[in-house]
Amino acid sequence: MAVRLYSEFKSDTGQLFKIEIHDTDFTGTATTFNVAGDGFTLNYEGAIDNIVSPIIGSECVISAYNTTSAFDLFIIDLKAHQENRFFVRIYKDVAENLFWTGIITQDLIVVEDIDKPYIFKISATDGIGHLANKEYTATALTTLNELVFDAVDAIGLADLYRTLDIYFATSVNVWDSAQTYSTAEDVTTLTRFNALIYKEVDNDGNPIYSTYLDILREMCIAFGARFYQADGIFHFEQYLERVDSERRVAKYYKDGIEESIALVDDDITLDGTVVGGVRLAGNQFNFLPALKKVQVSFNQERMNNLLANRLTFTGSTGPQLLGFVTDENNAQLQVSGILTYRFDYDGSGATAGVEFYRPVFRVQIKVQDVSNPTTYYYLKRDWTPSGGQLYGATSWTTTASYYYVDAGMGKNNIDGLYISNTFAFITPPIPVDGDATIDVDFYNIYDLSNAVQTVPTNYIATNRATEVTVSYIDEDGGVSDVTVYSSTNTSTDINSNLILDLGKIRVSDSNGLQGSFFVFNGSSWVPSTSWRRGNTGGYESLLKLMTKEVLSLHKKPIERYSGTIAGPFPFNKRYEFDSAYWLPMRGEYNANFDEWQSDWFKIDRTTTDISVDTPSDTGGSGNVSFRVSGQSGTDEVFVGTDVITDNVDAAGTLDVASDSTLNNLDHQGTLIENITDVTHSSGSSYTVQDTEYMIFNTWSGSNGTATIDLPSAADNEGRLLRFKSDGTISANTAITVRPRSGESVDGNGEFSFDRDYDGIMLLAHNSNWYIIQRKAK
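These remarks concern the structure in this document. Residue indices follow the written sequence of each chain, beginning from 1 at its first position. With pLDDT at 70 or above as the cut-off, local features in this predicted model cover only qualifying residues; side-chain atom pairs require 80 or more to be listed or tallied, and sums for whole chains, interfaces and linings still use all residues. Computation of side-chain values covers all heavy atoms of the structure but excludes hydrogens and water.

### Considering the packing of aromatic side chains
Each aromatic ring pair is described using two quantities: the centre-to-centre distance and the angle formed by the ring planes.
Then step 1. Between the rings of Phe, Tyr and Trp (Trp by its six-membered ring), a pair exists once the centres lie within 6.5 Å; its type follows the angle of the planes, with under 30 degrees stacked, over 60 edge-to-face, and the other angles tilted. Considering all chains together, one arrives at 49 aromatic pairs under this definition.
Then step 2. Arranged with centres 6.5 Å apart and planes meeting at 90°, the rings of Phe193 and Phe517 form a pair that is edge-to-face. Here Phe193, found in strand β13 (residues 191–194), pairs with Phe517, found in the loop between β36 (499–505) and β37 (518–520); they are 324 residues apart in sequence, far enough to count as distant. Across the pair, exposure class does not vary: Phe193 and Phe517 are buried alike.
Then step 3. A ring pair is formed by Phe723 and Phe753, whose centres lie 6.4 Å apart and whose planes are at 65°; its orientation type is edge-to-face. Linking Phe723 in strand β52 (residues 720–725) with Phe753 in strand β54 (residues 751–753), this pair joins segments that are 30 residues apart in sequence.
Then step 4. For every residue, the accessible area obtained with a 1.4 Å probe (protein chains only) is divided by the maximum for its type, and the residue is called buried under 20%, exposed over 50%, and partly exposed between those limits. Look at Phe753 and you get buried, because its relative accessible area is 1%.
Then step 5. An aromatic cluster of three or more residues is present, and its members are Phe9, Phe17, Phe40, Tyr44, Phe99, Tyr228, Phe571, Tyr589 and Trp596.
Then step 6. Lying across the ring of Tyr6, Lys18 places its NZ or CZ 5.8 Å from the centre.
Then step 7. Definition used: whenever NZ (Lys) or CZ (Arg) falls within 6 Å of the ring centre and also within 35 degrees of the ring normal, the charge is taken to sit over that ring. The ring of Tyr391 is capped by Arg381, whose NZ or CZ atom sits 4.1 Å from the centre of that ring. In this description a helix means any DSSP run of H or I spanning at least four residues, a strand means any run of E spanning at least two, and both kinds are numbered starting from the N terminus.

Shown next, in the form of structure tokens:
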């Protein structure tokens, strides 16, 4: 990038300005041009009826005379390139202090329809508005400071800044209770969020990202700040910091390195001169009405929990990227899909006899530790077909491992075998932050005794895993809830019903749940809980604090000053006149005349008669969340508020005393007090009694067959019976389960209970017994 055109001029107050037009493709010698009578105008686009506009963009219009062929060539090139080649840099005074930077936009140029010399209006924007078209694709943990830096960098103006130019600045002075207040620290570097909250996934698994501008706007709302450019510096600044005579500003170079953190007092006291600042004739005072309420909505729904959708794995499919995952708030991965295994007769030679087949697959989930890139964590669940327990415990390990799962058991016929079953599991809490991958592949097949099987001769085997879906969940359990935070003006002097709705944000302090800010407490990052401004006063939630502070600026009618003030000052200066301080809302600066045609508001904070309201839920499940993990019931969690208390009668049917329990109920709510242990032997029989629901079976003595007689299904409509065997039950020590005469079990006169560690559940319905669940082996 090089300077292609430049112009220098002095304003009416003697200020020296230098305008440079940079061209990314230019390598020649720069050419001068002349500006028209206004030099250039700089327009800031803040709202005129909202003093807390979060985003204030600016536009510069340069009125240049076209008198040379070099300018003609510039116009030709400008017409052929839109927003990606030409840039503006403006310096002020002899020291060449940066005054403004921007991107020249082709669609805003204006050309007079006259012969040379004619005025060519060059329009450029500061690029903040362009952030609405740039996706924020980060999915890692990000500090507020890093977000501001990344956003400024995404604008694309970095090449206009010299090494020691200030690139961006922050002025934030709210601290969480877990943080240690320090005038030497920038709190934006000590406050972070999980950027994954701003990523969504559509039904086809495609990522959908929020834009930089959307996220910047939300952060401005959350912290009561505004984002703008002044003196060539992009500022993230809290409004309330402009109430006092001084504010603490942290400044950063274009590489993100801190230049300084210092108190700044740069107010302009108008002295009635064009150099020191003067209000011109014809200006006027007017008012904005006071507000009754300020509110903001916090949407804690995690829209991005779908990490992978409907993937297919065959023998040639490699690991698939799930993206960046975090270990916060006991986050876990939920995995589901369909496992399919088959072999088919190829039409040659003998056909196979009937056998049992259990196809076993293995899932590899791997997370690379972001803090130690050479360390990987693997999900582990062992498969041990030679032992009594087929599957081991689920855990994470740094040794390459797999999570084994089978597709069920099936018998073949002469045509072949086809087995297809769903699987689903939830991992233990993710151990580290990092990029995650998943791979699913076939492992082996086993027979009824869990010995390795082989595909019969003359048969061709295929396998695959389909519809594999991975979701990110945490202790919030996917419960979506929008909470409205608000503060109300209770002053009897104000009869306003106006409400300022600041919109909806997706990150706040939410005690570590999804969408939560995390803060650095000096040794580790912890969930944010409550905040205060500066180093004094009580703490409260961030959004309560923000609504109260914004309302404190709107509690009384806001005095507004409209008109022209002369003086060579940048946009963000606070003027002092009429014994008050005035901050600009919007404005247009004429560089030649050194005049601002603007609206300023009297910044005045009043905290009395403001009530901070109790947050209200507008949907979802309120304070209740429920999650079942799928890990064999070992980490099921139920969290609620006042769901069941002591001695509460629920519609006359449930009365829970202090020390009562609600476990081991039958299907009718009857407490099951005992498990019935039955020892069988060759030729023995046992009849299930009316009060028995769980029968645990074991064998003693020589091989043979025993009998269990079921109660009448006709007399036990809806009854559930459970049977479980230990390792002594087998094909040689089998139990025959018999229904009453005239009744059946799944249409049969009996069934055999002949496997070790087997489990089965029966349901009595319509005078017969039905098998509704059986353990897969």
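### Describing the pairing of strand β40 (residues 558–566)
Then step 1. Counting buried residues along β40, eight of its nine residues qualify, which places the element largely inside the surrounding structure.
Then step 2. Here five bridges tie strand β22 (residues 284–288) to β40, and the two strands are oriented antiparallel to one another. Among the inter-strand pairings, Phe287 is bridged to a residue of β40, identified as Glu559.
Then step 3. Note on pairing: two strands pair once DSSP finds at least 2 bridges between them. The sheet contact formed by β40 and strand β43 (residues 595–602) spans seven bridges and is antiparallel. What sits directly across from Thr564, in β43, is Gln597.

### Brief notes about the sheet that holds strand β56 (residues 768–774)
Then step 1. The strand order across the open sheet formed by five strands is β48-β50-β52-β55-β56, and the pairing between neighbours is mixed. If you trace the sheet from one side to the other, it starts and ends with β48 (676–680) and β56, each paired once. Averaged over all neighbouring strand pairs, the angle between strand axes comes to 25°, with direction disregarded.
Then step 2. Taken together, the five bridges between β48 and strand β50 (residues 694–699) define a ladder with parallel strand orientation. The partner of Val678 across the bridge, within β50, is Asn697. Throughout, an axis means a line fitted to C-alpha atoms (over the contacting stretch in the case of helices), and angles, computed between N-to-C directions, take values from 0 to 180 degrees.

### A short note on the sheet that holds strand β16 (residues 225–230)
Then step 1. Spatially, β16-β17-β11-β18-β19 is the arrangement adopted by the five strands of the open sheet, whose pairing is mixed. One side of each edge strand has no neighbouring strand; the edge strands of this open sheet are β16 and β19 (258–264). Strand-to-strand twist of the sheet, defined as the mean angle between neighbouring strand axes without regard to direction, takes the value 20°.
Then step 2. Here strand β11 (residues 166–171) runs beside strand β18 (residues 247–253); their pairing, made up of four bridges, is antiparallel. Across the sheet, Ala169 pairs through a bridge with Lys251, a residue of β18.
Then step 3. Packing of helix α3 (residues 212–223) onto the sheet brings it into contact with β16 and β17 (233–238), and relative to β16 it is tilted by some 120°. Residue contacts follow a heavy-atom distance rule, with two residues in contact if any of their heavy atoms lie within 4.5 Å.

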